[in-house]
Amino acid sequence: MYIEREIEQMLRSYLKQFKCVLVTGARQTGKTTLLKHVLGDTYDYVTLDDVNELNNAIEDPGTFLTESSLPVIIDEVQLAPNLFRQVKFIVDAGDEYGGVVLTGSQTYNLMQGVSESLAGRVGILRLDGLSLREIAGNLKSEPYIPRQLARREVRAAPEDFDLWGHIQRGSMPRLQDADIDWYAFYSSYASTYLERDVRQLVNVRDQRKFFNFMVAAAARTGQLLNVSDIADAVDADAKTVRGWLSVLEASGIVVILQPFWANANKRLTKTPKLYFMDTGLACYLTGWNTAEQLRRGAMSGRMFETFVVSEVLKSYANAGRDTRDVFFYRDARKREIDLVIKDGNTLHPIEIKAGANVRRDAIKNFSALDELSGYEVGFGNVICQTETPYMLGEKVQAVPVWAI
């Protein structure tokens, strides 16, 4: 059964604003299903996973794509980089908006082709796995920004919904079908990813070592990124690990979250944090094979934090907003805030706690933001497993994870 996606509103808007629309995202997040659901009745569909179509696109892009074939969806377009120039020719020749819709699951080659041929002509959207909003049917189409909530505004979780079961199982649309075997899905997912995306991006001679690198990265989700530590764990040099991290990031597997500093130049020199975008994949790689193991295990806090961060980032991507407005905070005095959302010159602090009952000392570091000149501190949240929101201070409220 199709689950309505929050990004649909932005997709329809982009089709009216841009001659070409590109939908990116990791494999299996539902890009093709989304486009066929929204556009299937009026758009032709071509996938370059089809060897014959791929050969035609590579050998004769002019014949492959003509004005007469519009409107069209071209899936996995990064497999034929020379097609971007033909897309440019077609969209420049006509006045139709939204005539060409492209998808791809590996953004490095995609963005290279876009920057060279389609700059200024294409609207770009990123689709991640299912969000809690989508699962609950509570579509907002707006980015999450903390504000004071009344109890009536917070929906209850769907009946029989198991939060830890969802965190462990992951947010891939196919896994919402209980009949799909979790272990088999991610085993195949990892193998396909290694065989296709990784080989396209970087020459990996030892795929087993790259897989071990993925395991080491997953074991460090929610932590400050220590490239040397990962390199030591997998017996690789730091330069290689940095390259491999860029592969994970370009494929939508991980996000590198930057620290907030009032001086933007300083942000580039400070240590970022590493998060997996899909907790199901992170659990598979680190061996948390059941929800109960995860809930009681040593990584429960960091996996819950990873899940919440991914939910916040999904709310921005689904609304077509820049995820670079989401940071964390850590200063020289080691005062840390899990998330800081920048909305203009207002900073919203967020702490993430896996429990349901949160004490006021959880927000003790929020005051660090008062010391930053040029910014005002807005309303803050502690995201936790409470069922109803409650105040922790004049401008801070504990809210359930469903409030994201």
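What counts and how
- Residues numbered from 1 in each chain as written.
- Predicted model: local features only at pLDDT ≥ 70, side-chain atom pairs only at ≥ 80, totals over all residues.
- Heavy atoms only, no water.
- Pairing = 2+ DSSP bridges.
- Helix = DSSP H or I, 4+ residues; strand = E, 2+ residues; numbered from the N terminus.
- Axes fitted to C-alpha atoms, helices over the stretch in contact; angles between N-to-C directions.
- Parallel < 35°, antiparallel > 145°, perpendicular 65-115°, else oblique.
- Contact = heavy atoms within 4.5 Å.
- Nonpolar A, V, L, I, M, F, W, Y, C, P; charged D, E, K, R; others polar.
- 1 Å grid on protein atoms, 1.4 Å probe; cavity = no way out; pocket = protein on both sides within 12 Å on 5 of 7 lines; lining within 4 Å.
- Points joined across faces, edges and corners; volume = space filled by probe spheres on them.
- Phe/Tyr/Trp six-rings, centres within 6.5 Å; stacked < 30°, edge-to-face > 60°.
- Buried < 20%, exposed > 50% of the residue type's maximum accessible area, 1.4 Å probe, protein only.

J.: Can you break down the sheet that holds strand 4 (residues 100–104) residue by residue, with the values?
T.: The pairing of strands in a sheet comes from backbone hydrogen bonds and takes either a parallel or an antiparallel form. With parallel pairing, the 5 strands of this open sheet are ordered in space as 2-3-4-1-5. Each end of this open sheet is capped by a strand with a single partner; those strands are strand 2 (44–47) and strand 5 (122–126). Looking at each pair of strands side by side, their axes are set apart by 15 degrees on average, direction ignored. Where strand 2 meets strand 3 (residues 72–75), 4 bridges bridge the pair, whose relative direction is parallel. Its bridge partner lying in strand 3, Val46 is registered against Ile74.

J.: With reference to specific residues and values, describe the packing of helix 10 (residues 207–218) against helix 12 (residues 238–250).
T.: Their axes nearest at 11 Å, the elements helix 10 and helix 12 cross at an angle of 75 degrees. Classified by the interaxial angle, the pair formed by helix 10 and helix 12 is roughly perpendicular. Contact residues: helix 10 offers Lys209, Phe210, Phe213, Met214 and Ala217, while helix 12 offers Val241, Trp244, Leu245, Val247 and Leu248. Taken together, the residues of the contact of helix 10 with helix 12 break down into 9 nonpolar, no polar and 1 charged.

J.: Which residues make up empty space enclosed by the protein, and what values go with them?
T.: Tallied over the entire structure, the rule returns 3 cavities of 30 Å³ or more. A volume near 90 Å³ is recorded for the largest cavity. Around the largest cavity, the lining residues are Ala26, Thr29, Asp128, Gly129, Ser171, Met172, Tyr189, Gly252, Ile253, Met277, Asp278 and Leu281. Class assignment for the residues of the lining of the largest cavity results in 6 nonpolar, 4 polar and 2 charged. Approximately 60 Å³ is the volume attributed to the second largest cavity. Contributions of two or more residues to the lining of the second largest cavity are made by helix 7 (132–136) and helix 16 (300–318). Top element by residues in the lining of the second largest cavity is helix 16. It accounts for 3 residues. When grouped by side-chain class, the residues that make up the lining of the second largest cavity number 4 nonpolar, 2 polar and 4 charged.

J.: Describe the packing of aromatic side chains, listing the residues and the values that go with them.
T.: Enumeration according to the criterion identifies 16 aromatic pairs in this entry. With centroids separated by 6.1 Å and ring planes inclined at 25 degrees, the aromatic side chains of Phe185 and Tyr189 adopt a geometry described as stacked. Taken together, the residues Phe185 and Tyr189, both in helix 9 (residues 182–201) and 4 residues apart, mark about one turn of the helix. On the basis of relative accessibility, which here comes to 8%, the residue Phe185 falls in the buried class. Exposure remark for Tyr189: the relative accessible area of 8% places this residue in the buried category. Seen in terms of ring centroids, Tyr186 and Tyr284 are 6.2 Å apart; in terms of plane orientation they differ by 20 degrees. Their pairing is stacked. Taken as a pair, Tyr186 in helix 9 and Tyr284 in helix 14 (residues 279–286) lie far apart in primary sequence, 98 residues in all.

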